[in-house]
Amino acid sequence: MSKYIKDNENELPIEGTIEEQLATSLGFWPCKWVSCADVGKKPFVTAYRLIFNLDKPEIISVRVSADERYKLYLDGIFIGLGSQRGDRSNWFYETYDLKLDAGRHVIVAQTWSFGEIAPSAQIMVYSGFILCPEQEVFIELLGTGLAKWEAKKIDGYGFEVYEEVKNTGPRLIIDGKSYSWGFESGRGKGWKPVINKNNGLKRDSSAVIYNNHIMRSRIIPSTVGSKVEGGIVRYVEQLSNISNQNTVVNLSNNLTNEVYLWNDLLQGKPLIIPPNTIRRVIIDLNDYYCAYPEIVLSKGQESFLSMQWAESLYYKVKDGKDFKGNRNVIEGKYFIGYPDKFFTDGGIKRHYNTLWWRCGRYIEIVIETKQQELIIEAINFVETRYPLFMESSFDSSDNNLQSIIPLLIRSIQICANETYMDTPYYEQLQWVGDIRIEALVSYVISKDTRLQKSALEILTSSVLNYQQLVPSIYPKYNSGIPSVKYSLIIPSYSLWWVQMVYDYALWKGETDFILSIMPSVRMMVDLLYQDQNELGLVNTPRGWNFYDWTSCHMNEPCNKCSETIMGLTEAAYTQSSGLFNWQMVLILNEIAYIERYLKQYELEEWANNRAEQLCNNIDKVFWDEEKGLYADTTDKKCFSQHTQSLAILSERLNKCKEERVVDGLINNETLVKPSIYFIHYIFEAYYAVNLGALILENLQPWFDLVPQGFKATPELFSKYTRSDSHGWGAHPLYHYFCSVLGIRPNSFGFETVIIKPQLGTLKYARGTLTHTKGDIITEYYNEVDVFKAIITLPQGLCGTFIYKDKKLLLCSGVNKFIFRT
């Protein structure tokens, strides 16, 4: 038996030193993290190389990870990047199968450590790299800490941080004159032996090691890596100087005779820029992309090139606030972006690229040549995102509904990478309130639920903070783990995390996985519930009590809710919040359902009793008999659609009160209105009371996006919206399937289905919802006096069909119903 041990073994070796035996028994990898000497303070970029020989062809599987990130090369060819973003307790590694011929080979890893200027979603422990072969025989040949790995700092990198996008990390400055060209193939000087650090630590290790990475295998697939096609150059301008930030786009300055040359470049034909020339170029990708840019340059010694991305160009208003207007228009607008900058050295076919991807629709390139012509050999953009694709389909008699499907799908795709994100352009952060909705949309368009599961696992590991609540963002540097500087808590988001657990159990099941999460769920909810006041209400927790960007936070006039602060009033910070208490009831209901699913009947009773008790106390304090509404605060000065919707969704209102609340939700114009985000919960309330037709009647703001040139859903329906790419606005796609077609899980794990269509005035609607057992196919025909339904369920799936007051059995295969009205 060898001193090296595999993950699925737990035996002590009979070979090796006492230290090696102890390390193996505690669950260490046989290979070590290694670091580069003499790199100085962060930020820096490094390279690690190993030169080795093989006597015969081999396929060697290796596990690779780095802190903070890496790109991996084999014999100069790029083969992968990582690691999947996680945290100290969930440090991911990727596995690669290296197909190697006999002879000499070189493995190179480019790694970087940004430190304080790192992207906010990037956790770090200490800088380093690790590679560990899975086959025992190759460990001493290739493994870090054992083989003869070398490292060096890659010179030529500079970094710029822009306040507006600092959460996404720095922009790069690459000086070609001092850059380590050819390092990917192991070439160049300055390579020195690496410094050995800690052994890799298995996730199930019994060792307790401070400041180490607890390793686990990547749990999501590799991101999409296809070349972006379809972009066009719309504008080429001669500049008198290199400064272009405040230059308006004037189409009369467009060098149309050069535009076609630049478009040829996008199609693969090299372009020559003459000496002593300054050009500004605007590329329209015709869609929203997250992509790694690469530009290949030859000659052009001492030339300068900058590349910056934008979601849209801006109109500038004197003494006012800039706005974007129609996103298709560039004339009369300014390009506001955050550039990467490249200085050339005159070499041949120099590949300039970024360490992290960039995103948007528009790209501006500014070039200045000196005494030598510059040859642009190629410009490429390689898309990166989670491989989430539309597997379901929807069609109806209203073409407007179909017209926004590409926009809704794109919104989810660009907000899904190694984690879900709020917006790829400004933050790239996994905000719980955002991703709960993004995950719901993902359930209806794809059978793949790995990203939802990854989000839940990472969020569950984040409860170790000063309030023992799930942070509003995770992962986040210095947030939610031991030895943190701060932890941003949004209590409502902590509860939406519980609803994410419920959603996963409902759509996917996986009893063992849900069982592993429930202790954290119970602890957190019980902690919140126990903090009650003399009225028997749950106190407003400490933290940022955000629920929604209400109308008075859109920089637009509002005289209806001047006291409102992000969904809660000022008084809600000193009084109890009706909104938070109703959310607590809703969550307790769902915990009760989960406990029943897990056969934890005493805990089900515990949750039900608390939900009922809290509901009774809410009735006593927040119900306003005259208005027929639930107040947001105990002084009953503020009322919102938000609170009414959660009261309806609690399923605990008697019929009389529910009717009055529904009437107020629909007709009371004094209620605080929701933004694009929270409208999802309003739509859910409409569906719950069989008013799904109102969902269709309230989709006009989404229909307006396409003619305005949007390629994704914005953060807000506002002239001044910051972000054009917020996934939380894609929820109409969820409602197409779950509300209009009415297809929803009727038991955990989607083992049975309930179908309750609500077509409103649609003459017909049909769709296919992907399911693990096969497709659920629905067709509805809504005629003057007849409603027809044809429902096809896959083998092994049955359920219930509801139309008005009729409840009918659904079986596998084709089910046909005709109702006379």
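A brief look at the structure comes next. Just so we're clear, the structure is a prediction, and the values are computed from it rather than from any experiment.

Another point: the pairing of strand β33 (residues 798–803). Where burial is concerned, most of β33 is hidden: five out of the six residues are buried. Pairing geometry for strand β29 (residues 752–755) and β33, over four bridges, is parallel. Counterpart to I754 in the pairing with β33 is T800. The sheet contact formed by β33 and strand β34 (residues 806–810) spans five bridges and is antiparallel. Paired with F801 across the strands is L808, a residue of β34.

Let us now look at helix α10 (residues 578–597). An ideal rise of 1.5 Å per residue puts 28 Å on 20 residues; α10 measures up with 29 Å between its terminal C-alpha atoms. Of all 20 residues in α10, 17 are buried, a share of seventy percent or more. Where α10 begins, the side chain of S577 points an oxygen toward the backbone nitrogen of L579, at a separation of 3.2 Å.

So, on to the side chain of R327. Here R327 is to be found in the loop between β18 (304–310) and β19 (340–343). The residues contacting R327, other than those within four sequence positions of it, are S312, K333, R361, Y362, Q708, G709, F710, T721 and D724.

With that settled, consider the pattern of salt bridges. In the structure shown here, the tally under the stated rule is 42 salt bridges. One salt bridge connects R218 with E94, and the closest N-O pair in it is separated by 2.9 Å. With R218 in the loop between β14 (214–217) and β15 (232–238) and E94 in strand β6 (residues 91–100), this pair connects stretches of sequence that are 124 residues apart. E391 is paired through a salt bridge with K447; the nearest N and O atoms lie 3.0 Å apart. Placement of the pair is E391 in the loop between β22 (374–383) and β23 (393–396) and K447 in the loop between α6 (432–445) and α7 (450–460), with a sequence separation of 56 residues. The structure contains a network of salt bridges with shared partners spanning D287, E383, R385 and R410.

To continue, consider the sheet that holds β34. Backbone hydrogen bonds hold the strands of a sheet together, and the pairing may be parallel or antiparallel. Pairing is mixed in the open sheet, where four strands are placed in the order β28-β29-β33-β34. Either end of the sheet is taken by a strand with one partner, and the two such strands are β28 (743–745) and β34. Ignoring strand direction, the axes of neighbouring strands in this sheet form an average angle of 25 degrees.

Turning our attention to the nonpolar core. With 145 residues, the main nonpolar core has W497, I755 and F801 as its most contacted residues. Broken down by element, the residue count for this core peaks at 12 residues, all from helix α8 (residues 491–507). If near-sequence neighbours (up to four positions away) are discounted, I755 is found in contact with L741, G742, I743, I776, T778, Y780, I791, L793, T800, F801, I802 and L810.

A cis amide bond links D67 to the next residue, E68, at an omega of 15 degrees. Looking at the element boundaries, E68 is found in the loop between β3 (58–67) and β4 (69–74). The peptide bond linking Y474 to P475 adopts the cis configuration, its omega dihedral lying at 0 degrees. Turning to its location among the elements, P475 is positioned in the loop between α7 and α8. For N276, which is not glycine, the phi dihedral falls at a positive 55 degrees. Tracing the backbone through its elements, the reader meets N276 in the loop between β16 (271–273) and β17 (278–299). One non-glycine residue, N690, adopts positive backbone phi at about 65 degrees. Following the sequence through the fold, N690 ends up in the loop between α14 (679–688) and α15 (693–697).

Calculation notes
- Residues numbered from 1 in each chain as written.
- Predicted model: local features only at pLDDT ≥ 70, side-chain atom pairs only at ≥ 80, totals over all residues.
- Heavy atoms only, no water.
- Buried < 20%, exposed > 50% of the residue type's maximum accessible area, 1.4 Å probe, protein only.
- Helix = DSSP H or I, 4+ residues; strand = E, 2+ residues; numbered from the N terminus.
- Pairing = 2+ DSSP bridges.
- Expected span 1.5 Å × (residues − 1).
- Polar contact = N/O pair within 3.5 Å; in protein donor to acceptor, adjacent residues only side chain to side chain.
- Contact = heavy atoms within 4.5 Å.
- Salt bridge = Lys/Arg side-chain N within 4 Å of Asp/Glu carboxyl O.
- Axes fitted to C-alpha atoms, helices over the stretch in contact; angles between N-to-C directions.
- Core = buried A, V, L, I, M, F, W, Y, C linked by side-chain atoms within 4.5 Å.

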